[in-house]
Amino acid sequence: MRKLLYLCAILFSISAAHAKDPDPKVDKTGTILGKVLDATLKEPLPYVNIIITNSSGKTITGGITSDDGTFTIDKVSEGDLIVSIQYIGYKTTNKNITIGKGNYNVDLGNILLEEEAEGLDEVTVVAEVSTIQQKVDRKVITVGKDLTTAGASASEIMNNIPSVNVDQQTGNISLRGNENVRVMVDGKLSNVPIAQLLKQIPSTSIKQIELITNPSAKYNPEGMSGIINIKLHKNTKVGFNGNFNIGVTNQVFAKFNSSIDMNYRNGKFNFYGNYGNNIGKYDNYGDITRLDDNSLQEFKFGNDNKSHLYKVGVDFYMNDKNTISFFTNQNVFNGDGVGSTVISYSTLTQNQLFNNISENNSGQYNLAYKHEFTDEDETLEIEIDYNDFENDEIANFDFINFSFPPNYVDNVGTERNQTTVNIDYVKPVNEKTKIEAGLQALLFSSDIAYMSTGQTFSSEGAVIPTPSTDFEYNRDIYSVYFTYGKTLEKWNYQFGLRAEQVNATADALRTFDDNSTELIPFSNDYFQIYPSAFLTYNPTEKNSYQLSFSRRVDRPGLNQVNPIREWSTPRVSSFGNSELQPQFTNSIETNYTRQLEKGSITAGVFYRIIEDNISRYVFIDRTDVPSANSILSYDNFDNTSAFGLELSTNYRPTKWWSINASFDLYSQTQQGITEILDTDDIQNATIDDIVRLDTEVDNIIWNLRAFNNFKVSKKLSFSVFAMYRGEEEGIQFTRKPMFMLNTGMRYNFLEDNRATLSFNYSDILQTMRFEFEGSTPYPSVGGFNWESNTWNIALSYRFGGGKYSSLKRKQRDSNTNSGGGGFM
């Protein structure tokens, strides 16, 4: 903590002397002001470089634009000057002005920047090289063709993003080493499981990925690590336009993906529709060696998945001040999983076979209204969003050479829905001050019905049929927020406050074979205040310092509170804990950004205090103590802390070579409960031999990524990506380091480069393997493999024309825009 405070003091040791400006006619200086807008969207552009040079080309002074696109540069020496407006991805604009007698205050008005593009008629302009920008409250990764070449889906390219990791076995995503993160698409949550959703979004549909690690009070406070917002390409060009993508990936099995999006804009209406699919088989395998009894578990799993996504919508532009939009997303998924677990002892071999069939359908329905007042920056937005999700799952388990349990079938039916209502108001008080206020109601309900033909043990130790369980969970959240922001020369600050009332109830109804029932109710109502604060200092156009604070919450997820068995193997089963309480996080972070002649570099540190920490506990199944089978669940533990540092850079050593690189290091104290058998006679162990261990692990993780892009010509380029993921120590086991090396190629062709052919070869050294060693509840070593050594070939084609874009409508949760193009 002392080192963190010391680093913060260094980053913010620069202070500005504020004195009343003298009369410009006396000291011969003036003021230049203006506002920078996107030329087509007419929206403000923040963090644009404003560079002022004299007639000989020498830089005199400069600055950057604020969040609303405005800038004011004082104390500019008189003379003939050139004002250069520069921004990544846009054409540079130069303005010739004169500061002198009778003209000491120059207002440049609205300055329109045009995007750089080789073909203006393209439906969606995609940069060749990805870029990383550090903004006040988020890191923005603009996805170029180099990243879309890295994989066919969002899940595959996420591992190329700084501070983000995706577990290829489970599909779980983590930010800054923590899985307590919210994932949104175009600023909206989905009822589709995150692992499934990431595999369904085509990488070519992604425009930007935003890492909002310290969100303001305006955002929903859920997620300790923050928010990952995936922004999809928006296509609302005049006339008829579209984009088509198709690809195939292969190692053991071929996997196919394709997508098409189209829109028609004419007059007051914009109509759009999208379709995408992912179809393929997946192969996974692994092994665990148990060192106390020298047994070997060998796993082999396969999945045959088919997913289809549909989106249709319309924007109605009533007039220049009022817009109504509606869209719906529909997701259809079918999965067929098979697997086997073979346990080999010196004198016995056991085998568990399973088959899992899952079908789910989800829908999203969104209606939004936006009104602009006389001042176009003063807006009122009202949005209603409804999500529903239904899943039916049947799992068959067959046991060979097991005395218990007998073969059985599990049936699980899930229904859940979520309704969100948002009202947001933005009011610029003056050119330098802005207030925002809003209301939100988030209503969530879930019903899970579980039936099984299996058997279990009663509390007295008798064998009984597994009871059926119906688990109902409801959570209503009502929020109000207010933020106040102001610009003071080279300083910007924003303060915010969010208040939430949460009402949560859960009922688990168990029905036994004799029709007797047991009801386990639970309720948790609480009120919380979530403050936030942001401070930015820009001493020059090349340097930017940022400091932020926020309080956040991790409400237990549905799988964490669901008492129904989530998954099981012959030796491990996982259950939720209905009485789990939320954990709260107080987070502070600081960042420094330096603009270089050929790129930029960003450095940052963060520190978190975590209250009522949610973590795993592992105990030995009392029904079969000698086997030391594990039961996993969750509980709240004492307060803990975490800190970390991050470095990232965009650099172009030459015109043909560009680098995106990042390094991150995290440290967190993890707490948990585990159990072990304290006896040398494992085969005759009893409950009295079980020893409880209160475990605390000081875990340090570091990761390194480097993405190199080599441009051979205007049409042909190659890429090389390398990633190293350091060792990670957990409550149950320690994961060994992981390394991956990928290479790729892209070729643009046809008029205006409308078509792109890409090829990617992943994990060319075949080193991407999950290896571990553990000590609880028994000593073990093992590893898991998936199809990482794959090749992918893809074709993308853009059709249609039109150079004028329609108005965007702001989405509530992430301050992003949506309305056409992309999925979910």
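Residues numbered from 1 in each chain as written. Predicted model: local features only at pLDDT ≥ 70, side-chain atom pairs only at ≥ 80, totals over all residues. Heavy atoms only, no water.

S.K.: Hey, could you run me through the overall build of the protein chain in this one?
M.R.: Helix and strand counts for the protein chain stand at 6 helices and 48 strands. Counting across all 824 residues of the protein chain, residues that qualify as buried make up 54%. Contacts spanning at least 24 positions in sequence make up 66% of the contacts within the protein chain whose residues lie at least 6 apart. Surface accessibility of the protein chain: about 35,600 Å² in total, with carbon and sulfur atoms responsible for 55%. (Helix = DSSP H or I, 4+ residues; strand = E, 2+ residues; numbered from the N terminus. Buried < 20%, exposed > 50% of the residue type's maximum accessible area, 1.4 Å probe, protein only. Contact = heavy atoms within 4.5 Å. Areas by Shrake-Rupley, 256 points an atom, 1.4 Å probe, with all protein chains shown as cover.)

S.K.: Looking at this structure, how should I read the sheet that holds strand S6 (residues 93–99)?
M.R.: Picture the strands of a sheet paired through backbone hydrogen bonds; they go either parallel or antiparallel. With respect to topology, 4 strands assemble into an open sheet ordered S3-S2-S5-S6, the strand pairing being antiparallel. Edge positions in the sheet fall to strand S3 (59–64) and S6, since each of these pairs with one other strand and no more. Between one strand and the next, the sheet's axes are offset by a mean angle of 20°, whatever the strand orientation. Of the pairings in the sheet, the one linking strand S5 (residues 79–86) to S6 comprises 7 bridges and is antiparallel in character. What sits directly across from Gly 79, in S6, is Ile 99. (Pairing = 2+ DSSP bridges. Axes fitted to C-alpha atoms, helices over the stretch in contact; angles between N-to-C directions.)

S.K.: I tried to follow the sheet that holds strand S7 (residues 105–113) on my own but got confused; where do I start?
M.R.: Strand order in this open sheet of 3 strands is S4-S1-S7, and the pairing throughout is mixed. The open sheet is flanked by strand S4 (70–77) and S7, the only strands paired with a single partner. Across the sheet, the axes of successive neighbouring strands diverge by a mean angle of 20°, strand direction being ignored. Sheet topology places strand S1 (residues 29–38) next to S4; 6 bridges connect them, and they run antiparallel. What sits directly across from Gly 34, in S4, is Phe 71.

S.K.: Please clarify how the pairing of strand S42 (residues 738–749) should be interpreted in this entry.
M.R.: As a general feature of sheets, a regular strand has side chains that alternate between the two faces. Of the two faces of S42, the one lined by Met 738, Met 740, Asn 742, Gly 744, Arg 746 and Asn 748 is fully buried and the one lined by Phe 739, Leu 741, Thr 743, Met 745, Tyr 747 and Phe 749 carries no buried residue. Summarising the sheet, strand S39 (residues 716–725) and S42 pair through 10 bridges and their orientation is antiparallel. Along S42, the bridge assignment pairs Ser 719 with Gly 744. One ladder, built from 7 bridges, connects S42 with strand S43 (residues 755–761); its direction is antiparallel. Its bridge partner being in S43, Met 745 is matched across the sheet by Phe 759. From the end of S42 to the start of S43, which pair antiparallel, there are 5 residues, and Leu 750 there has a positive phi angle of about 70°.

S.K.: Just to check I follow, could you spell out a nonpolar patch on the surface for this structure?
M.R.: Together, Phe 244, Ile 246, Tyr 747, Leu 750, Leu 757, Phe 759, Trp 791, Ile 793, Leu 795 and Tyr 797 make up a nonpolar patch on the protein surface, roughly 820 Å² of accessible area in all. For the nonpolar patch, the secondary structure elements donating two or more residues are strand S15 (239–250), S43 and strand S46 (791–800). Counting residues per element, the nonpolar patch draws most heavily on S46, which supplies 4 residues. (Patch = residues over 30% accessible without salt bridge, like charges linked within 9 Å, V, L, I, M, F, W, Y side chains within 5 Å. Salt bridge = Lys/Arg side-chain N within 4 Å of Asp/Glu carboxyl O.)

S.K.: I would appreciate a short explanation of the environment of Gly 485 in the present structure.
M.R.: The topology assignment puts Gly 485 in strand S26 (residues 468–488). For the pair formed by Gly 485 and Leu 535, sequence separation is 50 residues and the distance between their alpha carbons is 9.7 Å. Excluding its chain neighbours within four sequence positions, the residues that come into contact with Gly 485 are Lys 432, Thr 433, Lys 434, Tyr 493 and Gln 494.

S.K.: For this particular structure, what's the right way to read a negative patch on the surface?
M.R.: Where like charges cluster on the molecular surface, the negative patch consists of Asp 612, Asp 638, Glu 696, Asp 698, Glu 727 and Glu 729. Secondary-structure assignment places Asp 698 in strand S38 (residues 690–711). Residue Asp 698 is classed as exposed on the basis of its relative accessible area, which comes to 55%. (Lys, Arg positive; Asp, Glu negative; His and termini not counted. Charge placed at Lys NZ, Arg CZ, Asp CG, Glu CD.)

S.K.: When you look at the confidence of the model for the protein chain in this model, what are you seeing that I'm missing?
M.R.: Where the model shows low pLDDT, its predicted coordinates should not be examined in detail. Summing up the model confidence of the protein chain, the mean pLDDT is 83 and the portion of residues at 70 or higher is 88%. The spread of mean pLDDT over the elements of the protein chain runs between strand S48 (residues 817–818), the lowest at 30, and strand S23 (residues 433–452), the highest at 95. Confidence over residues 1–25 falls short of pLDDT 50; this stretch has 27 contacts with residues more than four positions distant or in other chains. Throughout residues 802–824 the model reports pLDDT below 50, and contacts reaching past four residues in sequence, or to other chains, amount to 122 contacts. (pLDDT = per-residue confidence, 0-100.)

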